[in-house]
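Each chain, written out:
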Amino acid sequence: MKLDVDVARKLGAFRIDAQLSCEGGLLALFGPSGAGKTSLVNLIAGLLRPDRGRVAIDADVLFDSKFGIDVPVHRRRIGYVFQEPRLLPHLSVRHNLLYGRWFCPASARYTRFAEIVELLGIAPLLKRRPALLSGGEKQRVAIGRALLASPRVLLMDEPLTSLDAARKEEIYPYVERLRYEAKVPIVYVSHSIEDVMRLATTVAFIENGRITACGPVDDVLSRPDPSHPRPAAGAVFDAVVVGHDEEFALSALAFPGGELRVPRLDLPKGSAIRVRIPARDVVLAIAPPVGLSTLNVFRGEITELTAGEGAIAEARIRLEGAYLLAHVTRKSIAALDLAPGREVFALVKSIAFDSRSVGGRRTEFIRPAPAG
Amino acid sequence: MTALTPVEVEALRLSLKVGLWSVALSLPVAVPIAVLLARREFPGKQLLNGVVYLPLILPPVATGYLLLLLFGRRGPAGAWLEEHLGLVLAFRWTGAAVAAAVMGFPLMVRAIRLSVEAIDRRVEVAAATLGASRPWIFASVTLPLALPGIIAGTILSFARGVGEFGATITFVSNIPGETRTLPIAIHAFLQTPGGEAAALRLTALAIVLSLAAIVASEMLARRLQRRLHGA
């Protein structure tokens, strides 16, 4: 299934004008509050009518202003998980789950009740009423309910924001499994870089109603921002645990740009892990550093340098097979004569990682590796 | 107090019959009007609102007189009903039911309207994304969620209908076995010398009936609240 969106809509003084396309996997729609994320998702779902544009799933056109096509919400077969669970309070969990199934033609059903109940771990809740569920349980039921309607696209609008950290941890694994097991594209709205890093396969940045960047997570997150450096900027890689150094309690991770050493991870060799290196924790040197405690130093070449008016600029550094992103001051750029094409050494001060994004085992979500 | 006399049984049976028919008549009209008033903005909304509440404010005798003008055998609606449906309202128990329905209507609409207004519409939007069309959403989400108000309004209106006096006696008079409901029987006994004891017994009966309606409504409302909002 492929979702194609190209819509414009004026909302007071605010204007949304966005194009995106999503085929399988999880597309994170990432941006600050008020960027138009929810409105864009509502335009896709049919809850908001575009002034102009087109929304289609494969060859099935749901909205096209040119031809006057506007398929009503209930016939779009687009699943929607809202910020609040919005369960039907008068029905049991079981009947909430089955509600959408009624309306889906039998030939189009691809989700099975027992499978979804198992996937989301909600079997013990089936007889209960929504009022008696915890926030995390409600949201799991809401996800299951959307899936059991056999949607062709699943929209999730910050489904975790109303939950505390512990409840979030309860839901993450299910969304991660969904990404692999659901057969449909998922559009996941978020303003949290952790969510994006952990869940997304592709990411679209949205700002002021416009998509400013779109592409695979590692590519987009490690690309410098043309307008201004983002505090959340950083490079994301998929890495593999290649070995442990028991004497110094370290683990080695192989990633496309080389090998990283981090404090001993409680993971078997061969475990897949997603790694993020925040731009603000990368230091650049123009000569091989001597007498430093930093363990992770990579030789690379500056490919892009973006400076604005502020003190901080973003540098993109090409390693052998990957890119790093570094925040450096404009003063340093001048002092060290940094420019694209210049060979540099990137010193990595901290690494955030998350094994559950790929594997499903327990580790701390973010455990910065110390300086060395 | 001993067992009920045949006169009392007749008045009680007639009152219950009139009360039940009155809510059966008004409910199908009250629900759409309550939803309309709760959900839609349209020209003339205030006028409709006023007309709905009129029987609550107008002297009941005036309402009864208007009903007589409208539904009497020579009234426009009354003549039509008799000609096409063979239905006569004036001076019949059917007329008492109509009078009770009209008098209880504002209470019923108000209770339903309040509960419809309290429904979280975001839940209905969620139902739409799950594939439910508007009529389906109304039947499977809106109506069940408004049920506490519908039940409360029905019981309130029923109790009002059972106790209705002014409009009823004006519209259908006091005919034993046909239109002599509980309150009209009480009034009749009070007009008769030596009828006070009988009037008192009927009053006690009315108290029991009213209390039963209130208790039943409270119990139902609580049960529904528990189902919706947990213990």
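All figures in this text were calculated on a predicted structure; none of them were measured in a lab.

Asker: Mind showing me how you'd approach the overall build of chain A here?
Answerer: Helix and strand content of chain A: eight helices and 21 strands. In terms of C-alpha radius of gyration, chain A reaches 23 Å, essentially the compact-globule figure of 21 Å for 372 residues. Here the C-alpha coordinates of chain A stretch approximately 70 × 50 × 30 Å along the principal axes. Taking all 372 residues of chain A together, the buried fraction comes to 44%. Summarising the internal contacts of chain A: among those between residues at least 6 apart in sequence, 69% fall at separations of at least 24.

Asker: Honestly, the interface of chain B and chain A in this entry has me stumped. Any pointers?
Answerer: Contacts between the two partners involve 18 residues from chain B and, on the opposite side, 23 residues from chain A. Broken down by secondary-structure element, the contributors of at least two residues to the side of chain B that touches chain A are helix H6 (121-129), helix H7 (134-163) and helix H10 (196-229) of chain B. Looking at the side of chain B that touches chain A element by element, the count peaks at seven residues for H6 of chain B.

Asker: I would appreciate a short explanation of the pairing of strand S20 (residues 343-348) of chain A in the present structure.
Answerer: Consecutive residues of a regular strand have side chains that alternate between opposite faces of the sheet. Residues and elements named next belong to chain A. Strand direction decides the pairing type here: strand S16 (residues 282-285) and S20, joined by four bridges, are antiparallel. Counted as the bridge partner of Val282 is Val348 from S20. In terms of strand pairing, strand S17 (residues 296-307) meets S20 through six bridges, oriented antiparallel. By the bridge assignment for S20, Phe298 is matched with Ala346.

Asker: Explanation requested: the packing of helix H2 (residues 45-57) of chain B against helix H5 (residues 93-117) of chain B in the structure shown.
Answerer: Packed helix pairs are specified by the crossing angle of their axes together with the interaxial distance, meaning the distance between the axes. All names here are of chain B. Packing of H2 against H5 leaves a shortest axis separation of 8 Å and a crossing angle of 120°. With respect to their mutual orientation, H2 and H5 come out oblique. Once H2 is placed against H5, the crossing between them reads as left-handed. Facing Val52, Tyr53, Pro55 and Leu56 of H2, the residues of H5 in contact are Val102, Met103, Phe105, Pro106 and Val109. Each residue belonging to the contact of H2 with H5 can be placed in one class, and the counts come to nine nonpolar, no polar and no charged.

Asker: Is there a simple way to explain the confidence of the model for chain B in this structure?
Answerer: Of all residues in chain B, 98% have pLDDT values of 70 or greater, and the mean over the chain is 90. When pLDDT is averaged over each helix and strand of chain B, the minimum, 85, is found for H10 of chain B and the maximum, 96, for H6 of chain B.

Asker: Mind showing me how you'd approach the sheet that holds strand S11 (residues 210-216) of chain A here?
Answerer: The pairing of strands in a sheet happens through backbone hydrogen bonds and is either parallel or antiparallel. Residues and elements named next belong to chain A. Spatial strand order, S7-S8-S9-S3-S10-S11: six strands in an open sheet with mixed pairing. Each edge of the sheet is formed by a strand with only one pairing partner; in this case those strands are strand S7 (78-81) and S11. Direction aside, the axes of adjacent strands within the sheet are offset by 15° on average. Packing of helix H4 (residues 135-148) onto the sheet brings it into contact with S7 and strand S8 (153-157), and relative to S7 it is tilted by some 175°.

Asker: How should I be thinking about the confidence of the model for chain A in this particular structure?
Answerer: Atom-level detail of predicted coordinates should not be read off regions where pLDDT is low. All names here are of chain A. Here chain A averages 84 in pLDDT, and 91% of its residues register 70 or above. Of all the helices and strands in chain A, strand S21 (residues 352-354) carries the lowest mean pLDDT, 64, while helix H2 (residues 93-99) carries the highest, 96. Overall, residues 355-372 carries pLDDT values under 50, and its contacts beyond four positions in sequence, including any with other chains, amount to 39 contacts.

What counts, and at which threshold
- Residues numbered from 1 in each chain as written.
- Chains lettered and ligands numbered in written order.
- Predicted model: local features only at pLDDT ≥ 70, side-chain atom pairs only at ≥ 80, totals over all residues.
- Helix = DSSP H or I, 4+ residues; strand = E, 2+ residues; numbered from the N terminus.
- Rg over C-alpha atoms; globule rule 2.2 N^0.38 Å.
- Buried ≥ 20, exposed ≤ 12 C-beta atoms within 10 Å, placed from the backbone.
- Contact = placed C-beta atoms within 7 Å.
- Pairing = 2+ DSSP bridges.
- Axes fitted to C-alpha atoms, helices over the stretch in contact; angles between N-to-C directions.
- Parallel < 35°, antiparallel > 145°, perpendicular 65-115°, else oblique.
- Left-handed = near helix turned anticlockwise from the far one by under 90°.
- Nonpolar A, V, L, I, M, F, W, Y, C, P; charged D, E, K, R; others polar.
- pLDDT = per-residue confidence, 0-100.

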